[in-house]
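Residue-level structure breakdown
One letter stands for each residue in the lines below.
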Amino acid sequence: MKKFLAGTAIALTAAALASGAQAASHSVGACLITKTDTNPFFVKMKEGATAKAEELGIDLKTFAGKVDGDHETQVQAIETCIADGAKGILIAASDTSSIVPAVQQAREAGLVVIALDTPLNPIDAADATFATDNFLAGELIGKWAAAQLGDAAADAKIAMLDLAVSQPTVGVLRDQGFLTGFGIDVMDPNKWGDEEDPRIVGNDVTQGNEEGGRRAMESLLASDPMINVVYTINEPAAAGAYEALKAIGRENDVLIVSVDGGCPGIQNVADGVIGATSQQYPLKMASLGIEAIAKWAEDGTKPEPTEGKDFFDTGVALVTDKPAEGVESISVQEGTDLCWG
Amino acid sequence: MSETASKGQDYESSLSGATSGVAEFERRKGALYSVQHALHTNPALVPLIVLVLSIVVFGLLLGSKFFSPFALTLILQQVQIVGIVAAAQSLVILTAGIDLSVGAIMVLSSVVMGQFTFRYGLPPAVAVLCGLACGTLMGFINGILVAKVKLPPFIVTLGMWQIVLATNFLYSANETIRAQDIEAQAPLFQFFGTVIAIGGARLTYGAIFMVVLFLFLAYVLKQTAWGRHVYAIGDDKEAAELSGIETDKVLISVYMASGLICAFAGWALVGRIGSVSPTSGQLANIESITAVVIGGISLFGGRGDVLGSLFGALIVGVFTLGLRLLGADAQWTYLLIGVLIIAAVAVDQWIRKVST
């Protein structure tokens, strides 16, 4: 019996190895490395990549960090991909600077490396970057909020609910974009919190979740209970901020704007919890990335950045049912069709 | 013990001609010694003094912006989740253990409540009971592994932290259940978020629950046999066992109580943030340990007053809100809390010297 089992195991292993080797030699390999397996944004990214890979006959392997910020696992994933003989890597890096040597190693081994969603530092460390224009995403909601307020924008009281104290680039770009759109001088554009415009009541951090959003909103309301515009880094933070406003009965006279475009967030726009949100497109980032790897494997051409930008812009759209003059937007219905998570 | 001691003192007093020198004996050691002694007998005194001082300082700096019924009750609301979890953590730390899985158990319990109603259509009341049972079960597994399999609590709960968190993400598919849907279909989930307004003060049921829970635990730990057993195990498990305490049973019950309290924290969490969000509470384990340590409960077990943890959580809340109102960078909060943690342990060590 034991011999039989051992024999079967060996046979199975051999078969698995053979088929694996066959797959490697006959089709193009690609890797997708995301920050986590659990964030709906990255779940959608994986879906998009998997669907496109199947369509193009690409052998896709996916990896993810255990938590956001898990740099080690991402480096291991890159090394695994190189060893596996893949043609290209799509990566949403957790640590944009520290990942660079590993990415360099992959590029030297002949792989094309495309950064998804999060630009590397420096941005040209990757062959290309497919991402949302986060500054534009912020600018759209800033312009919309200013247009909604009209003349009242001149003496608005604004709460800024940011991501984290470490000021990651995505958070800084959205924050500074919003202020620019609203018509506020941002001082140093690489940093939030240094603005001197009296309309800003204050900045606080949310970790991008409901609990942080509620706490930050409460603290800022304690500083100034008459806040009437709330910028939020993403929709969970916006949902938390709404709870804090509801607790003091001000949910109907405060304008909340956000960024992301997840399905619960779009639903919140429909319900009037959030006034407007900038929607990004993870599925598109991933499917375009797979196409780029296929092209690289076929004839060695690398993807080109969008004209006038140092990355390939995968687009962003303002979702609201209260369009403002001079700010392009799509309806909640259209946003729902394109939402993720 | 006490007989020989008093005999010794009688002997000395008869020699010097003094009548009763017991009280004199302490005073001779100086006022500092009396303070040390008082702190030794009331471990919750240090955090209480720090709490009152910090409220006074921020009150002076900020005036009515901080020292108002609204702001002070806001602090209670902001610390309610960490506070409830810190109550669970205190129980485990009193047994010389540590529970790294508290936050994960809290989140999974809230997700179970949400999904059981929104995925399977169970009545909200039943779903809440399932959530509470889920938390207790997780605690039971922790307890069995610690008491029966004899694994160190750090390792057990480190593992359970990962297992429970992964289960949470897999089971929920990381989908948030929106506040508006809960309000419409299962308002019971938001029960702890209900507000009682008295003038400017705004208390939620969750904040009241936290305070009542601490008073209840303080009573149970001081006045019941079970409570004394918890302290005895934390002080010296072998001695406790030799003196006839069923240490395994008590340990398992402590972890189960911790799990149940965490599940209540999960329920309160839904009340606070409105929605059921699988990503919340990620740092609750560290935050609860912080509250317990600042609250003067010894990490080596068997010493400390559970009320200290409430004061510890409140101190963190006062610092967080106070510094935010002063307009300080959020990093200052972390820095000062770090200083507080180290200071708290230093004070603990200093107080210990009273018994040596």
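Scoring rules and cut-offs
- Residues numbered from 1 in each chain as written.
- Chains lettered and ligands numbered in written order.
- Predicted model: local features only at pLDDT ≥ 70, side-chain atom pairs only at ≥ 80, totals over all residues.
- Heavy atoms only, no water.
- Helix = DSSP H or I, 4+ residues; strand = E, 2+ residues; numbered from the N terminus.
- Rg over C-alpha atoms; globule rule 2.2 N^0.38 Å.
- Buried < 20%, exposed > 50% of the residue type's maximum accessible area, 1.4 Å probe, protein only.
- Contact = heavy atoms within 4.5 Å.
- Core = buried A, V, L, I, M, F, W, Y, C linked by side-chain atoms within 4.5 Å.
- pLDDT = per-residue confidence, 0-100.
- Buried area = accessible area lost by both parts, 1.4 Å probe.
- Salt bridge = Lys/Arg side-chain N within 4 Å of Asp/Glu carboxyl O.
- 1 Å grid on protein atoms, 1.4 Å probe; cavity = no way out; pocket = protein on both sides within 12 Å on 5 of 7 lines; lining within 4 Å.
- Points joined across faces, edges and corners; volume = space filled by probe spheres on them.
- Nonpolar A, V, L, I, M, F, W, Y, C, P; charged D, E, K, R; others polar.
- Expected span 1.5 Å × (residues − 1).
- UniProt positions renumbered as here; feature names shortened; annotations may be inferred.
- Disulfide = S-S within 2.5 Å.

**Re the overall build of chain B**
Along chain B, the regular secondary structure elements total 16 helices and 2 strands. At 23 Å, chain B has a C-alpha radius of gyration in line with the 21 Å of a compact globule built from 356 residues. Taken along its principal axes, the extent of the C-alpha atoms in chain B is 80 × 55 × 35 Å. Residue burial in chain B is summarised as follows: out of 356 residues, 51% are buried.

**Focus: the side chain of A:N134**
Counting through the fold element by element, A:N134 comes out in helix α5 (residues 134-149). Residue contacts for A:N134: discarding those within four places in its chain leaves A:D117, A:V170, A:L173, A:R174 and A:Q280.

**Quick notes on the nonpolar core**
In terms of nonpolar packing, the biggest core is built from 95 residues, with B:M106, B:F189 and B:I261 touching the most fellow members. If near-sequence neighbours (up to four positions away) are discounted, B:M106 is found in contact with B:I81, B:V85, B:C262, B:A265, B:G266, B:L269, B:G281 and B:A284. If you look at the next biggest cluster of nonpolar residues, it comprises 30 residues, including A:I141, A:W144, A:V186 and A:V259.

**Structural notes on the confidence of the model for chain B**
All names here are of chain B. When the pLDDT values of chain B are averaged, the result is 89; 91% of them are 70 or greater. Note that residues 1-5 has pLDDT below 50 and, in this model, 0 contacts with residues that lie over four places away or in other chains. In the predicted complex, the global pTM is 0.81; the interface-specific ipTM is 0.74.

**So, the interface of chain B and chain A**
Facing the 30 residues of chain B at the interface are 27 residues of chain A. The largest share of the area that chain B buries against chain A comes from B:R178, B:R272 and B:R324, three residues that together contribute 23% of it. Summed over the shared surface of chain B and chain A, the number is 4 salt bridges. Taking the shortest distance from any N to any O, the salt bridge between A:D204 and B:R324 comes out at 3.1 Å.

**Topic: the environment of A:L111**
Residue and element names in this part refer to chain A. The residue L111 is located in the loop between α4 (100-108) and β4 (112-116) in this model. Classification of L111 as buried rests on a relative accessible area of 4%. Once the C-alpha coordinates of L111 and I293 are considered, the two residues, 182 residues apart in sequence, prove to be 8.9 Å apart. Excluding residues within four positions of it along the chain, L111 makes contact with A86, K87, G88, I89, A106, D127 and W296.

**What to know about the layout of surface pockets**
Residue and element names in this part refer to chain A. Space inside the second largest pocket adds up to approximately 440 Å³. If you go around the second largest pocket, you meet 19 residues; those closest to its centre are P119, T169, V172, L173 and N190. Among the elements of the structure, α5 and α6 (169-182) are those that each provide at least two residues to the lining of the second largest pocket. With 4 residues, the single largest contributor to the lining of the second largest pocket is α6. Tallied by class, the residues present in the lining of the second largest pocket amount to 9 nonpolar, 8 polar and 2 charged.

**So, helix α15 (residues 306-325) of chain B**
Between its first and last C-alpha atoms α15(B) spans 29 Å; for 20 residues at 1.5 Å apiece the expected length is 28 Å, and the two agree. A large share of α15(B) lies buried, amounting to 19 of its 20 residues.

**With respect to the UniProt feature "transmembrane region" (unreviewed entry) in chain B**
Residues and elements named next belong to chain B. Mapped onto this numbering, the UniProt entry gives "transmembrane region" (unreviewed entry) at residues 44-63, 125-145, 151-171, 191-221, 250-270, 282-300, 306-326 and 333-351. Helix and strand shares over residues 151-171 are 90% and 0% respectively, and the end C-alpha atoms of the span are 27 Å apart. Structurally, residues 306-326 comprises 95% helix and 0% strand, and the distance from its first C-alpha atom to its last is 31 Å.

**Quick look at the state of the cysteines**
Counted according to the given criterion, the structure contains 2 disulfides over all chains. Bridging A:C31 to A:C81, the disulfide has an S-S length of 2.1 Å. Because the torsion about its S-S bond is -125°, the bridge between A:C31 and A:C81 counts as left-handed. Placement of the pair is A:C31 in strand β1 (residues 29-34) and A:C81 in helix α3 (residues 71-84), with a sequence separation of 50 residues. Paired by a disulfide, A:C263 and A:C339 hold their sulfur atoms 1.9 Å apart. Judged by the sign of its S-S torsion, about 90°, the cystine formed by A:C263 and A:C339 is right-handed. Residue A:C263 is found in helix α9 (residues 263-270), and its partner A:C339 is found in the segment after α11 (332-338); the two are separated by 76 residues along the sequence. In chain A, the cysteines engaged in disulfides, taken in order along the sequence, are linked 1-2, 3-4. A disulfide-free cysteine, B:C130 has its sulfur positioned 9.2 Å from the sulfur of B:C134, the nearest such atom. Its sulfur unpaired, B:C262 is 11 Å from the next cysteine sulfur, which belongs to B:C134.

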